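Close look at the chain arrangement
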Amino acid sequence: MNKKMLIAAFPEVSDIGKRIAMALKIEFTEIETRDFPDGEYKIKFKKSPNNKIVVIINSITKDPDERIVETILAEGIARDYKAKKVILVATYLPYMRQDTHFVHYDSFSAKHILEVFAGFDRIIVIDPHLHRIKSMHSLSPKAESITVDGVIANYIKKNFRGNFEIIGPDSESEQWSAKIAQMLHKKVHILNKTRFGDNKIKQKNVSLNKSKNYIVIDDIISTGHTLIGALKMAKEQGAKKLVCIGIHGLLIGNANKMIKEYASLLTTNTIPGKYAKIDVSPAIVERLRKEL
Ligand code: R5P
């Protein structure tokens, strides 16, 4: 076993952490978390960070503000106990969709959230929502993104045969849907979406082929309305089988129920849950190999 690197994963993503440690033949520890009666956290490592590259893995999603605090506390432990380098792998990083000041005096959270993690030497984020801003590096010199588009393309290749095309439900999804379609040599249809509020969107129709199956790919599935718009349009045009694949399945409220009325649903495990069937650990392994 190589003792140069220690994977320290929060409980929700400990499966991912274990798979990474096994693939790289390095040490693994699950970070222990417990609440004090007043709601504060107590965080503990079960292995020593001393003189190691410590990789802290967290999915900063359910109750994101609390996940942020526990992540900062974990970084503090690694520093105090003399880690050589402390790397954050955020399988999901929240606050990325507010990527400008949309109106006067509102928060540009994509920029400021990275300042919170300034104690890390490196911040690696899986497919952050980059739209107006094209790279994590321009938000913070310590930050970078890795993509799981190859992992998704492989999954589709293994599990879906034949007669399907890809749909990107809005222009922001093009960076994933078009890339995955290209990897699979499939046609892609990118929809034009206008958002009128958190729960109200409208997409312009594109013309689809009646005899085909469609896989709709988006980065984030939040309320599900973006996908529902695309699915309704595809159904109205006589599409056969429909499948939705999301990288990050936030699946707020009854998003999954709404989607399942039209399509089968799959996500990656950047946010663990019932639909998280596509494992992203190979993409993280590939990136961490460069640190060893
Ligand atoms: C937006 O630009 C993202 O790519 C997703 O399409 C969006 O976050 C999905 O949100 P919802 O599921 O609430 O429509």
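Residues numbered from 1 in each chain as written. Predicted model: local features only at pLDDT ≥ 70, side-chain atom pairs only at ≥ 80, totals over all residues. Heavy atoms only, no water.

Concerning the overall build of the protein chain
Looking only at helices and strands, the protein chain has 8 helices and 16 strands in total. Here the protein chain has a C-alpha radius of gyration of 20 Å; the compact-globule value for 292 residues is 19 Å, and the two agree. Once the C-alpha set of the protein chain is aligned to its principal axes, its extents read approximately 60 × 45 × 35 Å. Residues counted as buried form 52% of the 292 residues belonging to the protein chain. Of all intrachain contacts in the protein chain linking residues separated by at least 6 positions in sequence, the fraction that spans at least 24 positions is 63%. When the 47 basic and 33 acidic side-chain charges of the protein chain are each reduced to a single mean position, those positions are 8 Å apart. (Helix = DSSP H or I, 4+ residues; strand = E, 2+ residues; numbered from the N terminus. Rg over C-alpha atoms; globule rule 2.2 N^0.38 Å. Buried < 20%, exposed > 50% of the residue type's maximum accessible area, 1.4 Å probe, protein only. Contact = heavy atoms within 4.5 Å. Lys, Arg positive; Asp, Glu negative; His and termini not counted. Charge placed at Lys NZ, Arg CZ, Asp CG, Glu CD.)

A look at a negative patch on the surface
Taken together, the side chains of Asp 35, Asp 63, Asp 65 and Glu 66 define an acidic patch exposed on the protein surface. If you trace the backbone, Asp 63 turns up in the loop between strand 5 (53–59) and helix 2 (64–80). (Patch = residues over 30% accessible without salt bridge, like charges linked within 9 Å, V, L, I, M, F, W, Y side chains within 5 Å. Areas by Shrake-Rupley, 256 points an atom, 1.4 Å probe, with all protein chains shown as cover. Salt bridge = Lys/Arg side-chain N within 4 Å of Asp/Glu carboxyl O.)

Quick word on the packing of aromatic side chains
The geometry of two aromatic rings is summed up by the distance between their centres and the angle between their planes. Across all of its chains, the model carries 1 aromatic pair by this definition. For Lys 186, the ring lying beneath its charged end belongs to Phe 164, and the centroid distance is 4.5 Å. When the ring centre of Phe 196 is taken as reference, the NZ or CZ atom of Lys 200 above it lies at 5.6 Å. (Phe/Tyr/Trp six-rings, centres within 6.5 Å; stacked < 30°, edge-to-face > 60°. Lys NZ or Arg CZ within 6 Å of the ring centre and 35° of its normal.)

Quick notes on the sheet that holds strand 6 (residues 85–92)
One open sheet accounts for 6 strands, arranged 2-1-5-6-7-8; its pairing is parallel. If you trace the sheet from one side to the other, it starts and ends with strand 2 (26–30) and strand 8 (143–146), each paired once. Within this sheet the neighbouring strands show an average axis-to-axis angle of 20 degrees, counted without direction. On top of the sheet, helix 1 (residues 14–24) reaches strand 1 (2–9), strand 2, strand 5 and strand 6; it is set at about 165 degrees to strand 2, its chief contact. (Pairing = 2+ DSSP bridges. Axes fitted to C-alpha atoms, helices over the stretch in contact; angles between N-to-C directions.)

Some remarks on the site of the ligand
Inspection of the region around the ligand gives 15 residues, with Asp 218, Asp 219, Thr 223, Gly 224 and Thr 226 positioned closest. Take Asp 218: an N or O atom from its side chain is 2.6 Å from an oxygen atom of the ligand. Thr 223 places a side-chain nitrogen or oxygen 2.5 Å from an oxygen atom of the ligand. When isolated, the ligand has an accessible area of 370 Å², and the protein chains bury 96% of it. (Near = heavy atom within 4 Å. Polar contact = N/O pair within 3.5 Å; in protein donor to acceptor, adjacent residues only side chain to side chain.)

With respect to the nonpolar core
By size, the foremost hydrophobic cluster in this structure holds 42 residues, and its most contacted members are Ile 7 and Ile 156. In this structure, Ile 156 is in contact with Phe 164, Ile 180, Leu 184, Ile 215, Ile 217 and Ile 245, ignoring residues within four places of it in sequence. Counting residues in each nonpolar core, the second largest holds 33 residues, with Leu 93, Ile 123, Ile 133 and Ala 143 among its members. (Core = buried A, V, L, I, M, F, W, Y, C linked by side-chain atoms within 4.5 Å.)

What to know about the environment of Ile 26
Here Ile 26 is to be found in strand 2. For Ile 26, a relative accessible area of 3% puts it in the buried group. For the pair Ile 26 and Asp 218, spaced 192 residues apart in sequence, the C-alpha to C-alpha distance is 33 Å. Sequence-distant contacts of Ile 26, that is, excluding residues within four places in its chain, are made with Met 1, Asn 2, Met 5, Ile 7, Ala 21 and Leu 292.

What to know about the pattern of salt bridges
Per the counting criterion, the structure on display carries 13 salt bridges. The salt bridge involving Asp 279 is made with Arg 19; its shortest N-O contact spans 3.0 Å. You can see Asp 279 sitting in the loop between strand 16 (276–278) and helix 8 (281–289) and its partner Arg 19 sitting in helix 1, a full 260 residues away along the chain. The shortest N-O distance in the salt bridge between Arg 287 and Glu 291 comes to 2.9 Å. The pair Arg 287 / Glu 291 is uniform in exposure class, with both members buried. Via salt bridges that share partners, Lys 85, Arg 122, Glu 144, Arg 287 and Glu 291 belong to a single interconnected network.

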